[in-house]
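This is what each chain is made of:
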Amino acid sequence: MAAARIIPEEAEVDAVTDGRVVEVGGSALVVRRAPRERARAAVLVLHGGQENGRRPARPWQPAALRMRPFTGVAASVSSPRDVLVGQVRYRYRGWNDAADPLHDTLRALDELRRLSGDVPVVLVGHSMGGRAALRAAADPAVRGVLALAPWCPPADPVDDLDGTRILVLHGDRDRTTEPGESADYVRHAREAGAEAGMVLLRGCDHAMLRRSRDWHRASAAAIRRLLRPERDLDGWAAEACSADGPLLR
């Protein structure tokens, strides 16, 4: 079996044949690490964007670059033998009226199914990517979502979340997306049957640069726990999911 490899920034994956990664254009799924064996699970990372914008999304834009450390975190805490790590490739920079990043995420999940079969998926999304991840959580493959400073408009649905694990990290000084709306989303998700919890990071803003190590450590712990859907949550994740409101750390 071929060793795991990191796919170049502009490459997309369509299939794996005899351990060989086949790259084609036009995919919504960008594989950053192909597992050495058959995938047991997958982590997909979703970067942020803007409310409206039809210009093409590019990997060198700040919103995409901001999530590179979290892709590295996902790779560092998951098994290279059987966990695929990838990103969702957006067509446009904006959410737009058509919820374009949500449809890109659903396309990526469909491509992942063709690539690896029905494996459990953890979505890790920031800002607009957090919104897309939460909206895509109703997909049967998604077992867990880590939403980082997500954009959670009050009207967004929480349907079909029964049994899904949702962990939210949000800075208490975020002025781009509302921590209060994230807290409301977590409450509604619980009412819909999700196991959901939220942590407010003291002194942190939207860019996740202040206390960046704490963002990375908390994300690493969350991804580890979300990749084990058969086990009970523990640590801060369990505490957050049982608390009446957001934890302040």
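Here's a quick rundown of the structure. For clarity, every value in this text was computed on a predicted model and none was experimentally measured.

1. Structural notes on the overall build of the protein chain
So, point 1. Helix and strand counts for the protein chain stand at seven helices and 10 strands.
So, point 2. Every one of the 249 residues in the protein chain was classed for burial, and the buried ones make up 55%.
So, point 3. Partitioning the intrachain contacts of the protein chain with sequence separation of at least 6 by distance along the chain shows that 67% fall at a separation of at least 24.
So, point 4. Entry remark: accessible area of the protein chain is about 11100 Å², with carbon and sulfur atoms responsible for 47%.

2. Topic: the packing of aromatic side chains
So, point 1. Under the criterion given, the structure shown has one aromatic pair.
So, point 2. An angle of 70° between the planes, with centres 5.9 Å apart, marks the rings of tryptophan 95 and tryptophan 151 as edge-to-face. Of the two residues, tryptophan 95 is situated in the loop between β5 (83-88) and α3 (100-116) and tryptophan 151 in the loop between β7 (142-148) and β8 (165-171); the sequence distance between them amounts to 56 residues. Like tryptophan 95, the residue tryptophan 151 is buried in the burial classification.
So, point 3. Lying across the ring of tyrosine 92, arginine 54 places its NZ or CZ 4.9 Å from the centre.
So, point 4. The side chain of arginine 131 reaches across the aromatic face of tryptophan 95, ending 4.1 Å from its centre.

3. Some thoughts on helix α4 (residues 128-136)
So, point 1. The buried fraction of α4 amounts to eight of the nine residues, a majority that puts the element mostly inside the structure.
So, point 2. When α4 is considered as a whole, its buried residues turn out to be Met128, Gly129, Gly130, Arg131, Ala132, Ala133, Leu134 and Ala136.

Thresholds, definitions, all that
Residues numbered from 1 in each chain as written. Predicted model: local features only at pLDDT ≥ 70, side-chain atom pairs only at ≥ 80, totals over all residues. Heavy atoms only, no water. Helix = DSSP H or I, 4+ residues; strand = E, 2+ residues; numbered from the N terminus. Buried < 20%, exposed > 50% of the residue type's maximum accessible area, 1.4 Å probe, protein only. Contact = heavy atoms within 4.5 Å. Areas by Shrake-Rupley, 256 points an atom, 1.4 Å probe, with all protein chains shown as cover. Phe/Tyr/Trp six-rings, centres within 6.5 Å; stacked < 30°, edge-to-face > 60°. Lys NZ or Arg CZ within 6 Å of the ring centre and 35° of its normal.

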